[in-house]
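Now for the letters of each chain:
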Amino acid sequence: IRIGQDFLDNYYEIKIPLKITQFSSTATAEQIWPDSNSLNVILQDLVQLKIRRNTKNYPIAQFYSELIGNRTYAIKGNPNLGEVQSFLIAVENETNSTISTEVWVNELRLSKIDEKGGYSALARADIQLADLGTLSLSANTYTYGFGAIDQQINERAKDNMFQFDAALNIDAGKLLPQKLGFSIPVYASINKTILTPEYDPYDLDIKLKDKLNA
């Protein structure tokens, strides 16, 4: 099976050997559909394959594969699970003889989705500095996965955000002797927003922290 944006230049590939059902088997479901032919894949294993390939500085345009148990995991190009457009299911004859067979593909399912939630917080404080003026402070933050109850997983926050604001509004003339009668209005403010994406913007299936630690 190939998963990716296309089937020639940007895809992941998982290959397993198939067990042939004996002709006219009707005794049990296991005989008709051997469990060994069921392909259960942890998508994160594909991401780790990409990270290992990139760490080795292997040419991206070349086919890279690893044999793990009886499975072959492979990658070519720069596919990412955040932009999958199609799946290709095929059978490869690795013998030198012609084979005539019938292949059944039952179903394709996605399960055990990471539904980790996030949190959000908001704080604000207005401070009166006697008759000198006022100081306003505010902060706002949310983390990856935060969203409303009725939002789907794909609609929730995909980054970590932290924002703070500070504003000072005083009459600096109050710091001088009162007999001078000076009024010096001073206003100053600062604000900053920090957005940290959970996933690498160029590799949407690799977490940014994993990319930096690779």
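These lines cover the structure that appears in this document, whether it is placed above or below. Remember, it's a predicted structure, so these values are computed and weren't measured experimentally. (Residues numbered from 1 in each chain as written. Predicted model: local features only at pLDDT ≥ 70, side-chain atom pairs only at ≥ 80, totals over all residues. Heavy atoms only, no water.)

A few words on the side chain of E13. Structurally, E13 can be placed in strand β2 (residues 11–15). Its relative accessible area of 11% is what places E13 among the buried residues. A distance of 2.6 Å separates a polar atom in the side chain of E13 from a polar atom in the side chain of R2. Excluding residues within four positions of it along the chain, E13 makes contact with I1, R2, F63, T72, Y73 and A74. (Helix = DSSP H or I, 4+ residues; strand = E, 2+ residues; numbered from the N terminus. Buried < 20%, exposed > 50% of the residue type's maximum accessible area, 1.4 Å probe, protein only. Polar contact = N/O pair within 3.5 Å; in protein donor to acceptor, adjacent residues only side chain to side chain. Contact = heavy atoms within 4.5 Å.)

Right, let's get into unusual backbone geometry. Here the phi dihedral of N57 falls at roughly 55 degrees; this positive angle occurs in a residue that is not glycine. With respect to the helices and strands, the residue N57 is situated in the loop between α2 (43–55) and β3 (64–68). Using a relative accessible area of 66% as the deciding quantity, one classes N57 as exposed. In the Ramachandran plot, A130 falls in the positive-phi region, its phi being about 50 degrees despite a non-glycine side chain. Following the sequence through the fold, A130 ends up in the loop between β6 (120–129) and β7 (133–142). Taking the relative accessible area as the measure of exposure, A130 reaches 60% and is therefore exposed.

Among the nonpolar cores identified, the biggest contains eight residues, and these are I3, Y12, I14, L46, L49, Y64, Y73 and I75. Broken down by secondary-structure element, the contributors of at least two residues to this core are β2, α2 and β4 (71–76). When neighbours within four sequence positions are excluded, Y73 is seen to be in contact with E13, I14, D45, L46, L49, Y64, S65, E66 and I68. (Core = buried A, V, L, I, M, F, W, Y, C linked by side-chain atoms within 4.5 Å.)

Taken together, the five strands give an open sheet; going across it, the order is β3-β4-β2-β1-β5, and neighbouring strands pair in antiparallel fashion. Of all the strands in the sheet, the pair left with one neighbour each is β3 and β5 (86–88). Averaged over neighbouring strand pairs, the angle between their axes works out to 15 degrees when direction is ignored. Pairing between β3 and β4: five bridges, direction antiparallel. Within the sheet, the bridge partner assigned to Y64 lies in β4 and is I75. Sheet contacts for α2: β1 (2–4), β2, β3 and β4; angle to β4, the most-contacted strand, approximately 60 degrees. (Pairing = 2+ DSSP bridges. Axes fitted to C-alpha atoms, helices over the stretch in contact; angles between N-to-C directions.)

Moving on to the side chain of N37. Examined against the element boundaries, N37 turns out to sit in the loop between α1 (29–32) and α2. If we skip the residues at most four places from it in the chain, N37 touches I16, P17, L18 and K19.

So, on to the sheet that holds strand β9 (residues 185–197). One open sheet holds the four strands; their spatial order is β6-β7-β8-β9, and the pairing between them is antiparallel. The sheet is open, and its two borders are formed by β6 and β9, each paired with just one other strand. The sheet shows a mean angle of 5 degrees between the axes of neighbouring strands, direction not considered. Summarising the sheet, strand β8 (residues 159–171) and β9 pair through 13 bridges and their orientation is antiparallel. Residue pairing in the sheet places F162 in a bridge with I194 of β9.

A few words on α2. In a regular helix each residue adds 1.5 Å, so 13 residues correspond to 18 Å; α2 covers 19 Å between its end C-alpha atoms and thus fits that length. If you check which residues of α2 are buried, you get L46, V47, L49, K50, I51 and R53. Residues of α2 that are buried sit in contact with β1, β2, β3, β4, β11 (203–207) and α3 (208–213). Backbone geometry just after α2 places N57 at a positive phi near 55 degrees. (Expected span 1.5 Å × (residues − 1).)

Attention shifts here to the environment of P185. Along the polypeptide, P185 turns up in strand β9. On the basis of relative accessibility, which here comes to 68%, the residue P185 falls in the exposed class.

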